Amino acid sequence: MQRDYQAHQPFVPDFLRAYADLSAFPMADDSFNPPDLWTAQIQEEKLGEIHLPTGEIIACDPAKACFPKDCYSFRDRVEPGRYAVYLGVPDPHTARRYAKNVYAVLHLSEATPVQWEMALALEQKITDLERYHYYGFGVDSGLGCLIDASFLSLLEQYGERKQGMLGGDEITQLSDNPEANVAIFMAGMGDGRYPAFSGFERDTIPCGLLIDFMLISTPEEMRL
């Protein structure tokens with residue numbers, strides 16, 4: 001079944017529409033009058049690989065893993081396996097305005113996404129959102145993570161052993177089982193609520209899951 005992206009997609013950031021060429025991405029900053037405009041370069045740096053034995057992906061604040069309501073489990077599962085996590089890192093000019101990471105993305109294949117839609121939890125409905133609104137998971141520690149649902153209790157135990165002092169931008173082993181791991185990363189400029197988007201190479205074939213830290217805007221988005 002072909003997906004109707006236009007009718008049921010209230011919000012997709014412009015930079016995802018330009019995902020195939022983020023080496024020349026037009027950006028705007030409205031803290032200046034008139035807004036400062038420039039061309040940014042965003043490159044992906046590999047963080048490492050995580051194991052997804054069930055294919056049920058959770059995005060959450062790793063420090064709040066003991067609170068199920070704060071864990072964002074996505075409706076669509078992927079094939080069990082190992083997948084690479086990358087961070088979208090801006091050039092120095094852009095980084096001076098924003099934080100280190102623009103986004104975190106789980107690569108499900110080597111294909112480049114050509115369509116994006118908001119990734120939803122089971123109980124969420126895209127038709128319940130107003131235009132430009134979005135669902136997202138909450139961050140209070142300044143960190144986000146991607147993890148298989150089967151490892152969530154291990155993440156809670158890991159956080160307790162670390163006394164809540166979790167690092168950022170790393171793949172962390174959670175137990176003696178070398179397959180039990182989690183990708184932890186700095187969430188943009190810190191606390192907030194961040195949406196995720198599923199990328200498709202065509203129709204219903206997923207090839208990526210991206211968490212947007214809501215840091216960058218195009219000149220067109222600044223006019224909304």
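The structure we're discussing is the one just above.
Residues numbered from 1 in each chain as written. Predicted model: local features only at pLDDT ≥ 70, side-chain atom pairs only at ≥ 80, totals over all residues. Heavy atoms only, no water.

(A) Structural context of the overall build of the protein chain. Of regular secondary structure, the protein chain possesses four helices and 15 strands. Counting every position in the protein chain, which comprises 224 residues, the buried fraction comes to 51%. Within the protein chain, contacts between residues at least 6 apart in sequence are counted, and of these 72% link residues at least 24 apart. On the protein chain, roughly 11,300 Å² of surface is accessible, and the fraction owed to carbon and sulfur atoms is 48%. (Helix = DSSP H or I, 4+ residues; strand = E, 2+ residues; numbered from the N terminus. Buried < 20%, exposed > 50% of the residue type's maximum accessible area, 1.4 Å probe, protein only. Contact = heavy atoms within 4.5 Å. Areas by Shrake-Rupley, 256 points an atom, 1.4 Å probe, with all protein chains shown as cover.)

(B) Highlighting the pattern of salt bridges. Per the stated rule, a full pass over the model turns up six salt bridges. With a shortest N-O distance of 3.7 Å, R17 and D14 are connected by a salt bridge. Note that R17 and D14 are positioned in helix α1 (residues 14-17) at a spacing of three residues, about one turn of the helix. D14 gets classed as partly exposed once you look at its relative accessible area, which sits at 22%. The residue E49 makes a salt bridge to K46 at a minimum N-O spacing of 3.7 Å. (Salt bridge = Lys/Arg side-chain N within 4 Å of Asp/Glu carboxyl O.)

(C) Inspection of the sheet that holds strand β6 (residues 81-90) at higher detail. Reading across from one edge, β3-β6-β7-β15-β14-β8 is the order of the six strands in this open sheet, with antiparallel pairing throughout. Taken across any chain shown, the strands that pair with only one partner, and hence form the sheet edges, are β3 (42-52) and β8 (115-118). Strand-to-strand twist across the sheet, computed as the mean angle between neighbouring axes with direction ignored, equals 25 degrees. In terms of strand pairing, strand β14 (residues 196-202) meets strand β15 (residues 205-212) through six bridges, oriented antiparallel. Across the sheet, the residue bridging to R202 is I205, located in β15. (Pairing = 2+ DSSP bridges. Axes fitted to C-alpha atoms, helices over the stretch in contact; angles between N-to-C directions.)

These results come straight from atomic positions and should not be treated as a statement about function.
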